[in-house]
Amino acid sequence: MFIFSKLFWLAVQPLSLAFLLATLGALLTFTGFRRTGGIAAALAALVLFVTLYTTAGGVALQVLEARFSKPSEEPREVSCILILGGAMENEVTTSRGGVEFNQAAERFVEPLRLALRHPGARILVSGGDGSISGAYEGEASASERLFSAFGIPPDRLVKENASRTTYENAQQTKDLLAREGITDCLLVTSAFHMPRSMGLFRRAGIPVTPWPVDYRTSGILRLGFDFTQPTSNAQLTSTAVREWLGLLGYYATGRIDSVFPAE
């Protein structure tokens, strides 16, 4: 299932889909199926236009980000901070050492702030190597260098290095929490990723408090054209499509109880 999901995403992400449709259109045209080839080419152009020059992806991501709100007040006491991986460049970190973040760096920046503010809180980092090759250092392992650099002792960390997907995050974390006797965790992950994460943790029977971070949209974005930032629009659209497909896939396979979990 893991390999299938990786290959499936390679094919259906917006820019790949546009390329495949354009290629199909060219092949059909050259083999005499001009009408069908033209339709495929037109679909490719439509996918490209929506992806690059509209705010559709940003709006779709914004809907996900609004599903779970961060509590208005920080708890007086925090016993556990549960971090879902996805914020580190594992290939770069493995080859160069240190810790290299991607756009989701706040998944670790906010827990670091919380950990310094609440010195009694345990920190559980869930995230192995999510690549197909499995050849890189996982985020849970690399995170020890980050927290140690800020004076947080290793005995506060609980590392879950085996998970490759959000589903595996929940399953592997459940056993660790029980083994360590840890409860009442703040679940820290990107805001757009929170609905799927909460659905999985609820299904696994793990009570957590959502603590969304890494917002990618303003919250007031409207559907329309945007010719100023095609690269950014493409990235937002790709992230949104992947997350919505993840929700649909997990619901279809019975891993979450509703297609769009809510507070």
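1. Concerning the sheet that holds strand β2 (residues 122-126)
So, point 1. The sheet built from 5 strands is open, its strands ordered β3-β2-β1-β4-β5 with parallel pairing. Of all strands in the sheet, those with a lone pairing partner are β3 (157-160) and β5 (208-213), marking the two edges. Ignoring which end each strand starts from, the neighbouring axes of this sheet average 20° apart.
So, point 2. One ladder, built from 4 bridges, connects β2 with β3; its direction is parallel. From the neighbouring strand, Ile123 faces β3, where its bridge partner is Leu157.
So, point 3. Sitting on the sheet, helix α8 (residues 166-180) touches β1 (80-84), β2, β3 and β4 (185-190), and the angle it makes with β3 is about 140°.
So, point 4. Taken strand by strand, helix α9 (residues 194-203) contacts β1, β4 and β5, and its axis lies near 145° from that of β4.

2. Focus on the nonpolar core
So, point 1. Core analysis: the largest hydrophobic core is formed by 28 residues, its most contacted members being Leu82, Leu177, Cys185, Leu187, Phe201 and Val208.
So, point 2. Looking at this core, the elements with two or more residues in it are α4 (56-65), β1, α8, β4, α9 and α10 (230-252).
So, point 3. Once residues within four sequence positions are removed from consideration, Leu177 is found in contact with Cys80, Leu82, Leu124, Ile182, Cys185 and Ile206.
So, point 4. Of all hydrophobic cores here, the second largest spans 23 residues; its members include Ile83, Ile123, Ile152 and Leu157.

3. Considering unusual backbone geometry
So, point 1. Although it is not a glycine, Asp184 sits at a positive phi angle of roughly 55°.
So, point 2. Considering the arrangement of structural elements, one finds Asp184 in the loop between α8 and β4.
So, point 3. The backbone of Asp214 sits at a positive phi, close to 55°, despite the residue not being glycine.
So, point 4. Topologically, Asp214 is positioned in the loop between β5 and α10.

4. Observations regarding the pattern of salt bridges
So, point 1. Per the counting criterion, the structure on display carries 10 salt bridges.
So, point 2. In this structure, Glu180 and Arg122 form a salt bridge, with 3.6 Å as the shortest nitrogen-oxygen distance. Of this pair, Glu180 sits in helix α8 while Arg122 sits in strand β2, placing them 58 residues apart in sequence.
So, point 3. Among the residues examined, Arg122 registers a relative accessible area of 23% and is labelled partly exposed.
So, point 4. Two residues, Arg216 and Asp214, come together in a salt bridge whose shortest N-O distance is 2.8 Å. Of the two residues, Arg216 and Asp214, neither departs from the other in class, the shared state being buried.

5. Let's talk about α9
So, point 1. Summarising burial for α9: 8 of the 10 residues are buried, a large majority.
So, point 2. Residues of α9 that are buried: Met194, Pro195, Arg196, Ser197, Met198, Gly199, Leu200 and Phe201.
So, point 3. Here the buried face of α9 lies against α4, β1, α8, β4, β5 and α10.
So, point 4. Looking at the residues trailing α9, positive phi occurs at Gly205, about 80°.

Rules and cut-offs
- Every chain's residues receive numbers from 1 upward, in the order its sequence appears when written.
- Local features in this predicted model are restricted to residues whose pLDDT is 70 or higher, and side-chain atom pairs enter the listing and the counts only when it is 80 or higher, whereas totals over whole chains, interfaces and linings include all residues.
- Hydrogens and waters are ignored; side-chain quantities use all the structure's heavy atoms.
- Here, strands pair whenever DSSP counts at least two bridges between them.
- Secondary structure elements are taken from DSSP: a helix is a run of H or I of four residues or more, a strand is a run of E of two residues or more, and numbering for both begins at the N terminus.
- Only the contacting stretch of a helix is used when fitting its axis, a line to C-alpha atoms as for every element, and angles between N-to-C directions run 0 to 180 degrees.
- When checking whether two residues touch, look at their non-hydrogen atoms; a contact exists if any pair is within 4.5 Å.
- The nonpolar core is taken to be a set of buried Ala, Val, Leu, Ile, Met, Phe, Trp, Tyr and Cys residues, with the residues joined through side-chain atoms within 4.5 Å.
- Each residue's exposure class comes from its accessible area (1.4 Å probe, protein chains only) as a fraction of the maximum for that residue type: buried when under 20%, exposed when over 50%, partly exposed otherwise.
- Should a side-chain nitrogen of Lys or Arg be within 4 Å of a carboxyl oxygen of Asp or Glu, the pair is scored as a salt bridge.

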